[in-house]
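# A structural walkthrough
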Amino acid sequence: MRTEVLAGVTTFVTMAYIVFVQPAVLGAAGMDPGAVFMATCLASAIATFLMGWFANYPIAVAPAMGHNFFFAYTVVIASGTPWQVALGAVAIAGMVFIVTAGIGLRERVIAAVPEPLKHAIGVGIGLLIALIGLQWSGIIVDTPGTMVGLGDLTSAPALVSAGTLLLTAVLMARGVTGAFLIGMGVATIAALLFGLVHFEGVFSAPPSMAPTFLQLDIPGALRIDMIDVVLVFFFLALFDSVGTLIGVANRIGAIKDGVLPRARQALLADAVGTVIGAALGTSTVTAYIESSTGVAAGGRTGRANYVTAAMFLLVPFLYPLVKMIGGGVTVGNGVTLYPIVAPALILVGVMMMDSVTKIRWDDYASSIPAFLAIVTIPLSVSITDGIAFGFIAAAVLAVATGRQRTLHPLAYVFAVLFTIRYALK
């Protein structure tokens with residue numbers, strides 16, 4: 001039990017950055033940061049507990065990086081969709097995930113996505129997260145003519161971000177557990193010294209969740225123009241959950257003859273957590289790859305998850321500290337920077353780059369669709385458009401090269417639907 005407790009604490013320390021980042025990300029979409037913070041802590045605790053209870057795996061669950069940026073920047077900010085409707089779309093995707101557990105739809109959807117595109121989506125999302133991190137740090141700024149350019153590196157926010165980025169990178173390279181949390185701690189001290197943030201205490205009563213609790217608009221998310229949004233939420237949840245479960249389960253030797261025991265229960269925990277999270281007021285939750293640090297510390301059962309879940313329940317009482325760390329700094333022209341959390345986003349982008357090596361770049365029928373998805377996601381700030389470009393290009397090139405049978409029939413259906421979507425815009 002002592003080992004499981006250590007594993008649960010280790011996992012929490014490596015993924016705790018999400019409680020600072022999530023309120024800032026969804027706050028940019030107009031949601032109340034305090035309510036989002038509470039929803040994030042509660043949804044993470046519940047889903048992590050369910051993963052331990054249903055599947056008995058030491059795999060923690062929390063709002064997914066990438067999904068939150070799709071929610072805030074693509075669905076709400078870029079498309080003008082109310083955040084209540086976006087929460088409804090998250091809930092619907094989670095419900096579809098649950099309902100389709102016994103009919104094999106999830107397996108068919110996974111098979112329909114070309115293998116290179118599966119890897120490309122994660123890479124594109126990583127670049128998008130890194131780009132936003134660079135903007136939040138003040139290192140990259142909006143520049144007329146070239147769209148983006150280098151910011152003032154002598155400004156206090158940029159100095160804090162750059163220094164924290166280097167420190168956290170060194171800690172990661174040396175394999176230090178909790179590198180992100182340590183980096184944020186040092187950045188907070190530096191921000192205090194520069195006068196960017198102000199100390200308001202450590203402990204307090206948790207903030208109210210009323211601004212987001214049960215505010216999801218499911219009828220609004222059932223509109224025809226929201227189908228692609230629900231589909232992307234479903235895609236992302238499916239890819240992330242399956243990929244993380246396989247990755248962490250491999251490390252504990254749980255996969256036997258290519259089969260992951262209790263996979264359905266594990267996926268159910270993710271899906272139920274997502275629906276609960278949407279009702280509370282946060283974006284899609286999914287299994288966290290950071291759980292592998294807990295596994296490395298000896299975690300082998302769901303008991304480690306109970307410890308991680310308990311720690312998420314204690315965090316709300318530290319809201320003044322979380323608010324100081326995750327709060328923004330207004331620097332003029334209505335621009336708000338987040339120098340303390342921005343370095344974590346940049347390095348999360350680094351962590352998501354590993355899939356690029358799994359794409360066969362010498363096979364242009366595969367690599368061109370993958371490349372279009374990778375570059376379109378950050379440049380259009382839209383995961384939906386990146387996936388759409390990838391599907392359309394994959395279908396066209398498969399037909400043009402006489403390799404029609406290499407794609408699943410559903411891939412052509414998706415390509416046609418995405419083409420119609422653009423034609424009707």
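Residues numbered from 1 in each chain as written. Predicted model: local features only at pLDDT ≥ 70, side-chain atom pairs only at ≥ 80, totals over all residues. Heavy atoms only, no water.

### Description of the pairing of strand β5 (residues 329-332)
Going by this rule: Each pair of strands is called paired provided DSSP finds at least two bridges between the two strands. Runs of E in the DSSP output that reach at least two residues are strands. Runs of H or I that reach at least four are helices, and both are numbered from the N terminus.
As defined by bridge partners, β5 adjoins strand β6 (residues 335-337) across three bridges and the pair is classed as antiparallel. Of the residues in β6, the one forming a bridge with Gly332 is Val335. Where β5 folds back on β6, the antiparallel hairpin that results is connected by two residues, among which Asn333 adopts a positive phi of roughly 55°.

### Topic: the confidence of the model for the chain
In plain terms, the rule: Every residue is assigned a pLDDT by the predictor, reflecting its confidence on a scale from 0 to 100.
Within the chain, residue pLDDT values average 86, and 95% of them lie at 70 or more. Ranking the helices and strands of the chain by mean pLDDT puts helix α8 (residues 156-173) first, with 94, and helix α6 (residues 105-112) last, with 68.

### Regarding the environment of Tyr288
Worth spelling out the cut-off: In what follows, residue pairs with any heavy atoms lying within 4.5 Å of each other are defined as contacts. Residues adjacent in sequence count toward polar contacts only when both atoms are side-chain atoms; beyond that, a polar contact is any pair of N or O atoms within 3.5 Å, and within protein one must be able to donate a hydrogen and the other to accept it.
If you trace the backbone, Tyr288 turns up in the loop between β4 (285-287) and α13 (291-296). The spacing of Tyr288 and Val248 is 40 residues in sequence and 9.0 Å in space, taken between C-alpha atoms. Those residues within four positions of Tyr288 in sequence are excluded, and the remaining contacts are Met15, Tyr17, Ile18, Ile59, Ala60, Ala62, Pro63, Ala64, Met65, Thr244 and Val248. From its side chain, Tyr288 meets the backbone oxygen of Pro63 in a polar contact 2.4 Å long.

### With respect to the pattern of salt bridges
We apply this condition: The term salt bridge refers to a pairing of a side-chain nitrogen on Lys or Arg with a carboxyl oxygen on Asp or Glu at a separation within 4 Å. For every residue, the accessible area obtained with a 1.4 Å probe (protein chains only) is divided by the maximum for its type, and the residue is called buried under 20%, exposed over 50%, and partly exposed between those limits.
All chains considered together, the criterion is met by four salt bridges. Glu115 is paired through a salt bridge with Lys118; the nearest N and O atoms lie 3.5 Å apart. With Glu115 and Lys118 both in helix α7 (residues 115-137), this residue pair falls three residues apart, about one helical turn. What makes Lys118 partly exposed here is its relative accessible area of 23%. A salt bridge links Asp225 to Arg223; its shortest N-O distance comes to 3.0 Å.

### Thoughts on the packing of helix α3 (residues 33-55) against helix α12 (residues 263-280)
Selection rule: Fitting a line to C-alpha atoms yields each axis, with helices limited to the stretch in contact; the angle taken between N-to-C directions then spans 0 to 180 degrees. Any angle between 65 and 115 degrees counts as roughly perpendicular, while under 35 counts as roughly parallel, over 145 as roughly antiparallel, and the rest as oblique. With the far helix as reference, a near helix turned anticlockwise by less than a right angle produces a left-handed crossing, and one turned clockwise produces a right-handed crossing. Each residue gets one of three labels, nonpolar for Ala, Val, Leu, Ile, Met, Phe, Trp, Tyr, Cys and Pro, charged for Asp, Glu, Lys and Arg, and polar for the others, Gly among them.
Packing of α3 against α12 leaves a shortest axis separation of 8 Å and a crossing angle of 160°. What the angle tells us is that α3 and α12 run roughly antiparallel. For the pair α3 and α12, the sense of crossing is right-handed. Across the interface between the two elements, Ala39, Leu42, Ala43, Ile46, Ala47, Leu50, Met51, Phe54 and Ala55 of α3 pack against Gln265, Ala266, Leu268, Ala269, Asp270, Val272, Gly273, Ile276, Gly277 and Leu280 of α12. Partitioned by chemical class, the residues of the contact of α3 with α12 number 15 nonpolar, three polar and one charged.

### Some remarks on the nonpolar core
Test applied: Remark: nonpolar core denotes a set of buried residues (Ala, Val, Leu, Ile, Met, Phe, Trp, Tyr, Cys) joined through side-chain atoms within 4.5 Å.
In terms of nonpolar packing, the biggest core is built from 128 residues, with Met65, Phe71 and Trp136 touching the most fellow members. It is helix α11 (residues 227-251) that contributes the most residues to this core, 12 residues altogether. Once residues lying within four places of it in the same chain are set aside, the contact partners of Phe71 are Leu26, Met31, Val76, Trp83, Ala86, Leu87, Val90, Phe233 and Ser283.

### A closer look at the packing of helix α5 (residues 83-99) against α12
Each pair of packed helices gets described by two things: the angle between the helix axes and the distance between those axes. Where α5 contacts α12, the two axes come as close as 8 Å, and the packing angle between them is 155°. Relative to α12, the element α5 lies roughly antiparallel. Crossing geometry of α5 relative to α12 is assigned as left-handed. Residues Leu87, Val90, Ala91, Gly94, Met95, Phe97 and Ile98 of α5 form the contact with α12, whose own contacting residues are Leu267, Leu268, Ala271, Val272, Thr274, Val275 and Ala278.

### What to know about a nonpolar patch on the surface
What counts here: Like-charged residues are merged into a patch within 9 Å and nonpolar side chains (Val, Leu, Ile, Met, Phe, Trp, Tyr) within 5 Å, provided each residue has over 30% relative accessible area and no salt bridge. Accessibility throughout is a Shrake-Rupley quantity obtained with a 1.4 Å probe, and a residue counts as covered only by protein chains that appear here.
A contiguous nonpolar patch, built from Phe49, Trp53, Phe54, Ile98, Val99, Leu268 and Tyr306 and spanning about 640 Å² of accessible area, is present on the exposed surface. Those elements giving two or more residues to the nonpolar patch turn out to be α3 and α5. Per-element tally for the nonpolar patch: the top contributor is α3, with three residues. With a relative accessible area of 30%, Leu268 lands in the partly exposed category.

### A look at the pairing of strand β2 (residues 140-143)
When β2 meets strand β3 (residues 147-150), the two strands line up antiparallel, connected through four bridges. Bridge pairing links Asp142 to Val148 in β3. Counted along the chain from β2 to the antiparallel partner β3, the turn is three residues long, and its residue Gly145 has a positive phi close to 95°.

### Some thoughts on the side chain of Ser355
With respect to the helices, strands and loops of the structure, Ser355 is situated in the loop between α16 (342-351) and α17 (364-380). Discounting chain neighbours no more than four positions away, the residues touching Ser355 are His119 and Val123.

### A look at the packing of aromatic side chains
Just so we agree on the cut-off: Classification of ring pairs uses Phe, Tyr and Trp, with its six-membered ring standing for Trp, and accepts pairs whose centres are within 6.5 Å; under 30 degrees between planes counts as stacked, over 60 as edge-to-face, and the remaining range as tilted.
Under the defined criterion, the tally for this structure stands at 14 aromatic pairs. Each ring, one from Phe49 and one from Tyr306, has its centre 5.2 Å from the other, and the planes form 35°; the classification is tilted. Taken together, the residues Phe49 in helix α3 and Tyr306 in helix α14 (residues 303-314) connect sequence positions 257 residues apart. Phe49 gets classed as partly exposed once you look at its relative accessible area, which sits at 39%. Pairing Phe69 with Tyr73 gives two aromatic rings, centres 5.9 Å apart and planes at 20°, and the pair type is stacked. Here Phe69 pairs with Tyr73, and both are found in helix α4 (residues 67-78), just four residues apart, close to one helical turn. Assigned by exposure class, Phe69 and Tyr73 land together as buried. In textbook terms, an aromatic cluster arises when at least three aromatic residues are bridged by ring pairs, as seen for Phe69, Tyr73, Trp136 and Tyr338.

### Section: the side chain of Thr81
Structurally, Thr81 is set in the loop between α4 and α5. Within polar-contact distance, the side chain of Thr81 engages the backbone oxygen of Val75 at 3.1 Å. Beyond its immediate sequence surroundings of up to four residues, Thr81 is in contact with Val75, Val76, Ala86 and Met226.

### Comments concerning α14
How we decide: Between the first and last residue of a helix there are one fewer steps than residues, each counted as 1.5 Å, and that sum is the expected span.
Given a rise of 1.5 Å per residue, 12 residues ought to cover 16 Å, and the 17 Å separating the end C-alpha atoms of α14 matches this to within 8%. Burial in α14 covers these residues: Ala304, Asn305, Val307, Thr308, Ala309 and Phe312. Contacts from the buried residues of α14 go to α1 (2-15), α2 (18-27) and α3.

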